[in-house]
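Structural description and commentary
Each chain, letter by letter, is given below.
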Amino acid sequence: GAGVSQSPSNKVTEKGKDVELRCDPISGHTALYWYRQSLGQGLEFLIYFQGNSAPDKSGLPSDRFSAERTGGSVSTLTIQRTQQEDSAVYLCASSHYGLGNEQFFGPGTRLTVL
Amino acid sequence: TQLLEQSPQFLSIQEGENLTVYCNSSSVFSSLQWYRQEPGEGPVLLVTVVTGGEVKKLKRLTFQFGDARKDSSLHITAAQPGDTGLYLCAGAITGTASKLTFGTGTRLQVTL
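Okay, so let's go over this structure. (Residues numbered from 1 in each chain as written. Chains lettered and ligands numbered in written order. Predicted model: local features only at pLDDT ≥ 70, side-chain atom pairs only at ≥ 80, totals over all residues. Heavy atoms only, no water.)

Side note on the overall build of chain B
- Helix and strand counts for chain B stand at 0 helices and 11 strands.
- Moving toward the C terminus, one meets the helices and strands of chain B in the order β-β-β-β-β-β-β-β-β-β-β.
- Its C-alpha atoms give chain B a radius of gyration of 13 Å, within 12% of the compact-globule value 13 Å for 112 residues.
- The buried share among the 112 residues of chain B stands at 45%. (Helix = DSSP H or I, 4+ residues; strand = E, 2+ residues; numbered from the N terminus. Rg over C-alpha atoms; globule rule 2.2 N^0.38 Å. Buried < 20%, exposed > 50% of the residue type's maximum accessible area, 1.4 Å probe, protein only.)

So, in structure tokens, the structure goes:
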């Protein structure tokens, strides 16, 4: 499969627990993006990686949210002490080079915080 | 503050009808993209427009970028059930190199 993959596809957790969401971008894509989508809504930008560095973290909603990318490939989005308002679909996208290029999206991880 | 407003939010039409979706902002965009998203999947890019006044056609879909690069429209001719989905516009704001700002979305349902 040559597309963006995300895991898990669904995650149900209890309030206060930590969760890790994984994104495997398309091989060779240097840019990686995380977005959050509430039910039926548009996408909210969270963070952008170019290689392993994150020049734009402006969308992370609080210090409970963090993300890293290793080897210029896989990225992990971590949410600590989850709250019910964190429930959403978390989408990852990758592109070749950067913003001007088409972003290819993964299927998302649906996070439900009880 | 939502920078990109889409209208209408919901649209239910019958097969064969025409429709237009609007994407409006007070900000100027260096480029604007339209995506379609189906349930359980990520958005898929339909088109990118970069020049004010630009019109692009993709089969039955016509995309227009406003002259001032603040707004855009998507027109579908003779809609088909396969057009059903969530349509999202997304703009790259001049001066921001890294992120797209997505619109509020228009959910389209086309019935037989």
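There is more to say after this.
Some details on the pattern of salt bridges
- Enumeration over the complete set of coordinates arrives at 7 salt bridges over all chains.
- As a salt-bridge pair, Glu44(A) and Arg36(A) come within 3.1 Å of each other at their nearest N and O atoms.
- Residue classification places Glu44(A) among the partly exposed positions, given a relative accessible area of 34%.
- Among the salt bridges present, the one from Glu54(B) reaches Lys56(B), with a minimum N-O distance of 3.8 Å. (Salt bridge = Lys/Arg side-chain N within 4 Å of Asp/Glu carboxyl O.)

Examining the sheet that holds strand S7 (residues 61–65) of chain B
All names here are of chain B.
- As summarised here, the arrangement of the 5 strands in space is S1-S3-S8-S7-S6, forming an open sheet in which the pairing is antiparallel. Strands at the two margins of the open sheet, each flanked by one partner only, are strand S1 (5–7) and strand S6 (55–58). Ignoring strand direction, the axes of neighbouring strands in this sheet form an average angle of 15 degrees.
- In the sheet, S1 pairs with strand S3 (residues 19–24) via 3 bridges, with the strands oriented antiparallel. Bridge pairing in S3 places Ser7 opposite Tyr22. (Pairing = 2+ DSSP bridges. Axes fitted to C-alpha atoms, helices over the stretch in contact; angles between N-to-C directions.)

Some words on the environment of Trp34(A)
- Following the sequence through the fold, Trp34(A) ends up in strand S4 (residues 31–37).
- Of the polar contacts made by the side chain of Trp34(A), one reaches the side chain of Ser75(A); its length is 2.9 Å. (Polar contact = N/O pair within 3.5 Å; in protein donor to acceptor, adjacent residues only side chain to side chain.)

Brief notes about the packing of aromatic side chains
- By the definition in use, this model includes 8 aromatic pairs over all chains.
- Arranged with centres 5.5 Å apart and planes meeting at 40 degrees, the rings of Tyr35(A) and Phe105(A) form a pair that is tilted. Here Tyr35(A), found in strand S4, pairs with Phe105(A), found in strand S10 (residues 104–105); they are 70 residues apart in sequence, far enough to count as distant. Each member of the pair Tyr35(A) and Phe105(A) is classed as buried.
- Ring geometry for Phe105(A) and Tyr35(B): centres 5.7 Å apart, planes at 90 degrees, overall edge-to-face. Here Phe105(A), found in strand S10, pairs with Tyr35(B), found in strand S4 (residues 29–37), and the two come from separate chains. Taken as a pair, Phe105(A) and Tyr35(B) share a single burial class, namely buried.
- An aromatic cluster is defined as three or more aromatic residues linked by ring pairs; in this entry it consists of Tyr33(A), Tyr35(A), Phe45(A), Tyr48(A), Phe105(A), Tyr35(B) and Phe102(B). (Phe/Tyr/Trp six-rings, centres within 6.5 Å; stacked < 30°, edge-to-face > 60°.)

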